[in-house]
Amino acid sequence: MVARRRYFETLPTVEVGAAFIDPPKAATASVWRGEAPREFEFSVPVSQMVTHQAESSGYAKIRHRIPERRRAFCGHFKDTPEVAGAWEATRALAAAVRARFIVFETPASFYPDSNHLRDMYRFFKGVPRGPWLFVWQPRGLWEPRLLDTVCGDLSLVRAYDPFQEPVAAPRGVRYLRLRGNGYSDAQFALLRRLGDGGQAYVYFTHRSGWLEARRLLEGRAR
């Protein structure tokens, strides 16, 4: 574990991973905002109850809170009280830390069929945007042209891993989410180039991400 103070002093941004499993209370998040430098930027993943079904492994810590008869109403942007309540918890957290981004990662089970797209469009066209940029990272098989269409229609920033997904670097804000570790000097050089000519945000979403982020920021090589 890295102390928050050290993190705030070293890096310019953080993705609050705990928000995906079980969003912290807004009061707790307000303390974080007060401890962080004014220019520090927060990114908040949306609660898994918005995007993932209750069978997902991430529900292990919270499944007992959800009545069994209501578990089928979780995830996949469904028009249900469960999804609405989870979104409200995420929205309150994002407001408390004055986040720049809210991240929606959809699982492979959220594949591109008419029902899923209907619910996704209804959700994003219905929720208030607030001051945030909405970021989407789809898992599973999506045709690139359809991804571009959905992002354009719903004003979503596409998140991607440049080492796993053949995505052309978008204009404007670039949001990179990397799951691996032990990156080479050449890979770090690529990440730095992706930041040229625009705003690039790079988040390492694994346990050793702190070390990788410091290497990237400081330009160190192994």
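Before reading on, note that the structure itself is shown above.
Thresholds applied
Residues numbered from 1 in each chain as written. Predicted model: local features only at pLDDT ≥ 70, side-chain atom pairs only at ≥ 80, totals over all residues. Heavy atoms only, no water. Helix = DSSP H or I, 4+ residues; strand = E, 2+ residues; numbered from the N terminus. Rg over C-alpha atoms; globule rule 2.2 N^0.38 Å. Buried < 20%, exposed > 50% of the residue type's maximum accessible area, 1.4 Å probe, protein only. Contact = heavy atoms within 4.5 Å. Areas by Shrake-Rupley, 256 points an atom, 1.4 Å probe, with all protein chains shown as cover. Lys, Arg positive; Asp, Glu negative; His and termini not counted. Charge placed at Lys NZ, Arg CZ, Asp CG, Glu CD. Pairing = 2+ DSSP bridges. Axes fitted to C-alpha atoms, helices over the stretch in contact; angles between N-to-C directions. Phe/Tyr/Trp six-rings, centres within 6.5 Å; stacked < 30°, edge-to-face > 60°. Lys NZ or Arg CZ within 6 Å of the ring centre and 35° of its normal.

Re the overall build of the protein
Here is step 1: A tally of regular secondary structure across the protein gives nine helices and seven strands.
Here is step 2: For a compact globule of 222 residues, the expected C-alpha radius of gyration is about 17 Å, and the protein comes in at 17 Å, within 12% of that figure.
Here is step 3: For the protein, the spread of C-alpha atoms along the principal axes amounts to about 50 × 40 × 30 Å.
Here is step 4: Taken over 222 residues, the protein has a buried fraction of 46%.
Here is step 5: Nonlocal contacts in the protein, meaning residues at least 24 apart in sequence, comprise 69% of its contacts between residues at least 6 apart.
Here is step 6: Of the accessible surface of the protein, which amounts to about 11700 Å², a share of 53% is contributed by carbon and sulfur atoms.
Here is step 7: Between the centroid of the 34 positive side chains of the protein and the centroid of its 23 negative side chains there is a distance of 3 Å.

Some words on the sheet that holds strand β7 (residues 200-204)
Here is step 1: Sheet architecture is open: seven strands sit in the order β1-β2-β3-β4-β5-β6-β7, paired in parallel fashion. The strands lining the two open edges of the sheet, one partner per strand, are β1 (13-15) and β7. Within this sheet the neighbouring strands show an average axis-to-axis angle of 25 degrees, counted without direction.
Here is step 2: Where strand β4 (residues 133-138) meets strand β5 (residues 157-160), two bridges bridge the pair, whose relative direction is parallel. What sits directly across from V135, in β5, is V157.
Here is step 3: In this fold helix α5 (residues 81-97) packs onto β2 (41-45), β3 (101-106) and β4, with an angle of close to 175 degrees to the strand it touches most, β2.
Here is step 4: Seen against the sheet, helix α7 (residues 144-154) touches β4 and β5 and runs at an angle of roughly 160 degrees to β4.

As for the packing of aromatic side chains
Here is step 1: On inspection of all chains with the given rule, the structure shows 26 aromatic pairs.
Here is step 2: Measuring from centroid to centroid gives 5.6 Å for Y7 and W210, while their planes differ by 35 degrees, and the two rings are tilted. Of this pair, Y7 sits in helix α1 (residues 4-10) while W210 sits in helix α9 (residues 209-218); the two residues are 203 residues apart in sequence, bridging distant segments of the chain. Here the two residues Y7 and W210 agree in accessibility, since each one is buried.
Here is step 3: Consider the rings of Y183 and F204, whose centres lie 5.8 Å apart with planes at 55 degrees: the pair is tilted. With Y183 in the loop between β6 (174-178) and α8 (185-194) and F204 in strand β7, this residue pair connects regions lying 21 residues apart in the sequence. Of the two residues, Y183 and F204, neither departs from the other in class, the shared state being buried.
Here is step 4: In this structure an aromatic cluster arises from ring pairing among F77, W87, F104, F110, F123, F124, F134, W136 and W142.
Here is step 5: Between R70 and the ring centre of F73, over which it is positioned, the NZ or CZ distance is 3.9 Å.
Here is step 6: Here the basic side chain of R215 rests over the ring of F188, its NZ or CZ set 4.1 Å away from the ring centre.

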